[in-house]
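These are the residues of each chain, in order.
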Amino acid sequence: MAEHYKPVKYKQWELTLEERFQEYHPPLTDREAVLEANRCLYCHDAPCMVACPTHIDIPTFIKKIATENTKGSARTILQANLLGATCSRVCPVEELCEGACVLEHEHKPIIIGRLQRYAMDYAASKKLKFFHPGKPNGYKVAVVGTGPAGLSCAGELAKLGFDVTCYEKKEMAGGLDTYGIVVFREPVEVSLSEVRMIQDMGVKIKTNTTIGVDVTMEELIENNDAVFVGVGLGSVPDMSIPGETLPGVVDGLEFIEETKVRKLNEITFGQRVVIIGAGNTGIDCATIARRLGSERVTIVYRRSEAEMPAYHFEYQFALGEGVTFMFMIQPVEVVGEGKVEGLKCVRMDLGEPDQSGRRRPVRASGAEEFVLPCDMVIKAIGQKKHTEMFSKLAEHGVKTTSNGYIAVDFETNRTDNPKVYAGGDCIRSKGEASTVSAVQDGKIAAAAIHQQLTGTPSPNEKHIEPVLSPVMK
Amino acid sequence: MANLEIDFCGIKSPNPFWLASAPPSNSAYQVQKAFEQGWGGAVWKTIGAPVLNVCNRYGTIDYKGSKIIGLNNVELISDRPIELNLREIAEVKRNFPNHAVIVSVMVESSKEAWQDIVRRTEETGADGFELNFGCPHGMSERGMGSAMGQVPEYTCMVTEWVMEVATKPVIVKLTPNITDIVQPARAAVRGKASALSLINTINSIMGVDLDSFELKPNVGGKGGHGGYAGPAVKPIALHLLSAIASDPEIQRSRVPISGIGGIETWRDCVEFMLLGATSVQICTAVMHWGFRIVEDMIDGMSNWMDDKGFKTVYDFIGASLPRISTFGDFDLGFQTVARINPDKCIHCNLCYIACNDAAHQCIDLRSGKLNGDMSAMLHPVVREQDCVGCALCASVCPVDDCISMVEIDSGRPHITWNDLTKKRPEVLNWDQMEEYREEAKIHIH
């Protein structure tokens, strides 16, 4: 029987462990892709393209899928965004391109993300190479961190002829794209093949290399014409509550990383799991736990549904996966004898807005503490900053913002040290921390480095300006 | 319910929907199945000269996900023995006495052969004949089909041969592969044809494979022109139908016309009938979806007739023909302009780019910047005083009723080109034309 005649299994309990961790959306077939591409209106000055932080020429790449020029489509995407394969999988498209699609008025925007993935998958399956190292211009740049910001900056610089070396403390390059994205959103291989593409462009990547241990920041700044810092953020911070060190309390990012580097059947998980924090990391941990086989998975969040930082589609996804949400609940203690047995919580109310503009959670008057029985607690309450590195950078004149991120000029992503640039989550003091924003940060920095060192604008950056008819000018 | 019955030059049919002479009307099994499902008549797949077929026989045009908007074929006339066809035709007519059974015939160009096939076919009890003067492939190279329809003298001559012996109505089927369809149509009428049908298929090559360089359809590495049909040919068919239906000589002869070419739905049928067809013939749509499509044809046309208050199809056949005109008789003072409804506009700006690149640069994009601020999006605005009323913007707009072409008073004289050039022949010179434009307030920009 033909493959597509097999009945589709939707129910989790009918799937094997491996099947549950396959990419959530199946790839589009050729016919599906061409049909969907033909549905695109090919807008003039398309709003999707404006909404994309990297300004991918979306109507053009979709038109090329429609004409079965998939190779050209892939090139169009990668010209604007070297990490198009990852972005096609992890971008919050509802908030960006698809949310801006004019067909939203029919409630059926073009599935831009999946079309982009189609073109990217095509390029990967054909092992297409689009970019080559530029003619060497004699300048050397060091890139610290190989997440999306670092890779994007490195790749764009390599195209321009810079001699780029990346430093990565982990075993594999790719940063959160490799380690931090739940595997049914993006398989490790996708990120690693992007890393290989950047390497093929002439970028050297030194993994297992920690700044301050294997090489110092002084050396990097001394020996290079420019340094780009794209170190992201660190591990989940402490909650400072009793019992936090009990076995069974885990860091959310490490939990996600397990699915990327270990065999699925070797991952430790609880039967009754409580996740603290309702951001996208919390959702990822919750859905992973469910798919691993956890019976009860509960997300506790100290504010209400309206304030939760997770994207709406992620929230919907988690609900569909059978995750329970408890809002206005604050954990006060992890309880248990030698291991996690429960999470002691208290009910909260919302008070006056805090500096983030969201209403501050305050302990509800007269609320009594209660214990949520559980055998695993996953912390997903944000990420620590690399304060040690930031203070090292401070010695070189790199300043930080009031809330502790690296301060940059957003036009150029240059820090207060004219040789040092930064991008990605480590500069994202507020707003959307996302892969696609990090990619754009890298692009902006690469263009600025080129401008600063060579005195000419980067040919990589296509200037986008709306065309007005003669009368309007 | 509306009465769909027709009387087509004496051929009675419960409705105007007939199978065209083609693969779906190849056998008694098929035609009887079609009648059971509601088809009013069938033109039997052409019988006559002996043939051998090849494969592949079909090539298609698929457009943006829609399959078969055009179908081309290199299949010949019936390759089944004549005796078998005649026996089955008689059987069908016996079983379905109230349905229209018409037999398409085609033989070599000799009086004897034509008269012989007509005599033999009459014995089946069939209601009439259709002379296949249209097949553009395979048969035409042997001097039959369109080779006859392309020469009005032949059309007339063979029609006369047939009319000498036929006691049943004879329909002449015309080829569109000709400069002026009116000439063979008039020739058929001169030959005393009882009716006309059109169009047969159009010469075509469907495409070339980009990998193998083979043609579509591919016949063992070779290919050639075949007959093009399907929804894509409908506008051509409507034009050719209207050309003969509005021709004074054809009108005087009062021969009915059977419309063919790209008909797929009841709406298509109504359009053909509004332009003068009494019956319609369908092939490609049946080849795509089967006989069952006739149910909606009957239902849809009946509902439409009820809504319009039409009791019989004769209440609307030809109703649009008086509107068929020529450029020289169009009103030069008629003016429309495009109006964009800003509440419906979705800011795709396709109207802007179409007008700017391909029309008259009279749509502006106003306000807003490409800065991610959706509230400041550019939106198209028509400079009405510069709009020539070409309707390109309304044509490309993807939103229903967003751009309307609105009639305005141009202040120009309501005169036709023919009247103008008769009254003031000097406007055929550019200098005088400029003077006239000035006077008539016609501004070209």
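Residues numbered from 1 in each chain as written. Chains lettered and ligands numbered in written order. Predicted model: local features only at pLDDT ≥ 70, side-chain atom pairs only at ≥ 80, totals over all residues. Heavy atoms only, no water.

S.K.: Please provide a residue-by-residue account of the packing of helix α9 (residues 266-274) of chain B against helix α11 (residues 294-308) of chain B, values included.
M.R.: Residues and elements named next belong to chain B. Where α9 meets α11, the closest approach of the two axes is 8 Å, and the angle between their N-to-C directions is 60 degrees. In terms of their interaxial angle, α9 and α11 are classed as oblique. Between α9 and α11 lies a crossing of right-handed hand. Residues Trp 266, Cys 269, Val 270 and Met 273 of α9 touch α11, and the partners they reach there are Asp 296, Met 297, Gly 300, Met 301 and Trp 304. The class makeup of the residues in the contact of α9 with α11 is seven nonpolar, one polar and one charged. (Axes fitted to C-alpha atoms, helices over the stretch in contact; angles between N-to-C directions. Helix = DSSP H or I, 4+ residues; strand = E, 2+ residues; numbered from the N terminus. Parallel < 35°, antiparallel > 145°, perpendicular 65-115°, else oblique. Left-handed = near helix turned anticlockwise from the far one by under 90°. Contact = heavy atoms within 4.5 Å. Nonpolar A, V, L, I, M, F, W, Y, C, P; charged D, E, K, R; others polar.)

S.K.: Hey, could you go over the nonpolar core for me, with residue numbers and the actual values?
M.R.: Counting residues in each nonpolar core, the largest one holds 93 residues, and the members touching the most others are B:Trp39, B:Trp114, B:Leu196, B:Ile244, B:Ile282 and B:Met301. In this structure, A:Ala74, A:Leu103, A:Ile110 and B:Ala359 belong to the second largest nonpolar core, which totals 91 residues. (Core = buried A, V, L, I, M, F, W, Y, C linked by side-chain atoms within 4.5 Å. Buried < 20%, exposed > 50% of the residue type's maximum accessible area, 1.4 Å probe, protein only.)

S.K.: Lay out unusual backbone geometry with the relevant residues and their values.
M.R.: Residue B:Asn56 is reached from B:Cys55 by a cis peptide bond, and omega for that bond is 5 degrees. The residue after B:Leu198, namely B:Ile199, is reached through a cis peptide bond having omega 10 degrees. You can see B:Ile199 is positioned in the loop between β10 (195-198) and β11 (202-204). One non-glycine residue, A:His55, lies in the positive phi region at around 50 degrees. Position of A:His55 relative to the elements: it lies in the loop between α3 (47-51) and α4 (58-66). Not every positive phi belongs to a glycine, and B:Asn349 is a case in point at roughly 60 degrees. Relative to the elements of secondary structure, B:Asn349 occurs in the loop between β17 (335-340) and α12 (350-358).

S.K.: How would you explain the sheet that holds strand β14 (residues 420-422) of chain A if you had to name every residue and give the values?
M.R.: All names here are of chain A. Here five strands make up an open sheet; going across it, the order is β3-β2-β1-β4-β14 and the pairing parallel. Each of the sheet's edge strands pairs with one partner strand only, and the pair in question is β3 (204-206) and β14. Shown here is a sheet whose adjacent strand axes are inclined to one another by a mean of 20 degrees, direction ignored. As judged from the three bridges shared by strand β4 (residues 226-229) and β14, these two strands associate in the parallel manner. Across the sheet, residue Val 227 finds its bridge partner in β14, namely Val 420. Running at roughly 165 degrees to strand β2 (residues 163-167), helix α9 (residues 148-159) makes contact with β1 (140-144), β2, β3 and β4 of the sheet. (Pairing = 2+ DSSP bridges.)

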